[in-house]
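For reference, the chains in residue letters:
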Amino acid sequence: MTYMKAGGAPRANEINRNSSRLRKVHVKSYGCQMNVYDSHRMTDLLTRDGYAETATPEDADLIILNTCHIREKAAEKVYSELGRIKKLKRQAELAGRSLTVAVAGCVAQAEGEEIVRRAPVVDVVVGPQSYHRLPALLAKAGRGVKVVDTEFPAEDKFEHLAPATTPATRARGVAAFVTVQEGCDKFCTFCVVPYTRGAEASRPVAGIVAEVERLAAAGVREITLIGQNVNAYHGDGDGGRPATLGDLLRRVAAVPGVARLRYTTSHPRDVDASLIAAHRDLAALMPQLHLPVQSGSDRILAAMNRRHSRADYLAVVERLRAARPDIALTSDFIVGFPGETEEDFRDTLRIVEEVGYAGAFSFKYSPRPGTPAAARGDQVADAEKAVRLARLQDRIDRHQAVFNAACAGRSFDVLLEKPGRLPGQLVGRSPYLQPVNVMAPSSLIGEIASVRITGVGSNSLFGALRSGPEPSQGQIQQPALAGIGA
Ligand code: SF4
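So, here's what we can say about the structure. Per chain, residue numbering runs from 1 following the sequence as it is written. At least 70 in pLDDT is required for a residue's local features to be given in this predicted model, at least 80 for side-chain atom pairs to be given and counted, and no such filter applies to totals for whole chains, interfaces and linings, which use all residues. Values reported for side chains reflect all heavy atoms of the structure, with hydrogen atoms and water molecules removed beforehand.

A word on the nonpolar core
Line of reasoning, step 1. Grouping buried Ala, Val, Leu, Ile, Met, Phe, Trp, Tyr and Cys residues that are joined through side-chain atoms within 4.5 Å yields what is termed a nonpolar core. Under the scheme applied here, a residue whose accessible area is under 20% of the maximum for its type counts as buried, over 50% as exposed, and between as partly exposed, the area being computed with a 1.4 Å probe on protein chains only. Ranked by size, the top nonpolar core spans 50 residues in total, and within it Ile223, Leu225, Leu245, Leu248, Leu249, Tyr263 and Leu320 carry the most contacts.
Line of reasoning, step 2. The greatest single-element share of this core, amounting to six residues, is contributed by helix 9 (residues 205-217).
Line of reasoning, step 3. Working rule for contacts: check all heavy atoms of both residues, and any pair within 4.5 Å makes them a contact. Not counting residues within four places of it along the chain, the set of residues in contact with leucine 225 comprises Val178, Val180, Val230, Leu245, Leu248, Leu249, Arg262, Tyr263 and Thr264.
Line of reasoning, step 4. Core analysis: the second largest hydrophobic core is formed by 23 residues, Ala60, Leu65, Val103 and Val107 among them. In this description a helix means any DSSP run of H or I spanning at least four residues, a strand means any run of E spanning at least two, and both kinds are numbered starting from the N terminus.

Dropping the structure here:
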């Protein structure tokens, strides 16, 4: 932890602690679901410390940017956002109050003290492993000290952010994320996560189950267990014995009120027998899995240090489908990784055909400073990457369209989550995670309704509530596509 003396005006906490006005915190979250979860837990923690949450940065006494380092020029985007916040800070001071600014997340971890040097508007820089220390860090900032905490402390931050013994976790809807694992030991050559989030660490089963019980009691019906490499989960289970993700899913599925389970993001190499058995045995575990392959070329997979071959990946897919025939698979792809040839790229197009994904995220490779791939001399020209990306996305889109079209006329159980865009409309999720728009009363939010699919959009489905006793048909097989060549 680093403290730097700052001069100037009294700090936010000094002023606001002395006034009767309730302090307000605004957290802006970037990037992945893990950041969303962390943002919610930071807000919960600060709420216990006397803050109220605000959706508008203009009336906040504390702004936290929870940053992501995955996208290109991530740090530069944070600095330009801080430029905007500088104006807010000036306006707040003119109005007789002060504004504390904190930068959290992976950019905070990667940039550290550089942030307060380049952006003096920032009072606190806090890495992802230290969020539970926020009240103490803010108190120091309130005494006029610039605080940088990017350590990997020994204590369990989750026991502070989502303690097993107090009702700290606030439900924010009928579906919730629960972080079960953080960090990564895989060191894919394109990825910053092992550097920004550290080594793999798993929460004990008991703390996770306690958090899920609280969420279920607050009305949450669907839980998504999340981690950077979630199926590397190896938390302490009963009697301190290590538990796998499959073991954990069985425990969470037994929590009363939990109707649906998902998990993300998985590494193909860590799909073990207990996880496959969970897909076979647990009705609550939804038939949908995001299983990134990144490339279909063995040469590129080796260069990426993915630690599995194309055949290994396809074997995992086969085992999953044997256990749960209707499982819908999605993936991430990187095109134009250094050294990728046209033949390598065609292998990627071929694996899309072989697996028949229900959807996928695809990106042009862009170098992340400090990663091995960024230093390679055989970078692919950007124009070529753009062409390959368009070809891949066209292929993925066609598979997704076929998958969605196969849903028309069928009936699914849909968890109705929130109001839709149209009056009288609700939006829910199918078992395959597709958004489903249904005309239904808001009293059904939180219910799992049988819905007949009447229309198919590019990214969502349209349906009608079924009234009869006939059960949902529930399952679709991922349809095979014929005649789409490389
Ligand atoms: S497994 Fe995932 S999180 Fe870990 S290094 Fe590879 S891409 Fe990054």
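Re helix 2 (residues 33-48)
Line of reasoning, step 1. The span expected for a helix works out to 1.5 Å for each residue beyond the first. With 16 residues, helix 2 extends 23 Å from end C-alpha to end C-alpha; this agrees with the ideal 22 Å at 1.5 Å per step.
Line of reasoning, step 2. Looking at helix 2, one finds that the buried residues are Met34, Asn35, Tyr37, Asp38, Ser39, Arg41, Met42, Thr43, Asp44, Leu45 and Leu46.

So, the state of the cysteines
A disulfide bridge is the covalent bond that connects two cysteines by way of their sulfur atoms.
Line of reasoning, step 1. The disulfide definition used here is simple: a pair of cysteine sulfur atoms within 2.5 Å. All chains considered together, the criterion is met by zero disulfides.
Line of reasoning, step 2. Residue cysteine 68 stays outside any disulfide, its sulfur separated by 6.1 Å from that of cysteine 32, the closest cysteine.

With respect to the packing of aromatic side chains
Line of reasoning, step 1. Two aromatic rings from Phe, Tyr or Trp, using only the six-membered ring of Trp, form a pair when their centres are within 6.5 Å; if the ring planes differ by under 30 degrees the pair is stacked, by over 60 it is edge-to-face, and anything between is tilted. In total, this model carries six aromatic pairs according to the counting rule given.
Line of reasoning, step 2. Each ring, one from phenylalanine 403 and one from tyrosine 432, has its centre 5.8 Å from the other, and the planes form 85°; the classification is edge-to-face. Note that phenylalanine 403 is positioned in helix 15 (residues 382-405) and tyrosine 432 in the loop between strand 17 (425-429) and strand 18 (435-439), a separation of 29 residues in sequence.
Line of reasoning, step 3. By relative accessible area, phenylalanine 403 is classed as buried at 2%.
Line of reasoning, step 4. In this structure an aromatic cluster arises from ring pairing among Phe190, Phe337 and Tyr365.
Line of reasoning, step 5. Each ring is checked for a lysine NZ or an arginine CZ that lies within 6 Å of its centre and within 35 degrees of its normal; such an atom marks a charge sitting over the ring. Between the NZ or CZ atom of arginine 23 and the centre of the ring of tyrosine 51, over which it lies, the distance is 4.3 Å.
Line of reasoning, step 6. Over the ring of tyrosine 37 we find arginine 41, and its NZ or CZ is 4.7 Å from the ring centre.

Description of the pattern of salt bridges
Line of reasoning, step 1. By definition, a salt bridge exists where a carboxyl oxygen of Asp or Glu is found within 4 Å of a side-chain nitrogen of Lys or Arg. Enumeration according to the criterion identifies 35 salt bridges in this entry.
Line of reasoning, step 2. Ionic pairing is found between arginine 350 and glutamate 343, a salt bridge with its closest N-O pair at 2.7 Å.
Line of reasoning, step 3. Look at arginine 350 and you get partly exposed, because its relative accessible area is 31%.
Line of reasoning, step 4. Owing to a relative accessible area of 44%, glutamate 343 belongs among the partly exposed residues under this scheme.

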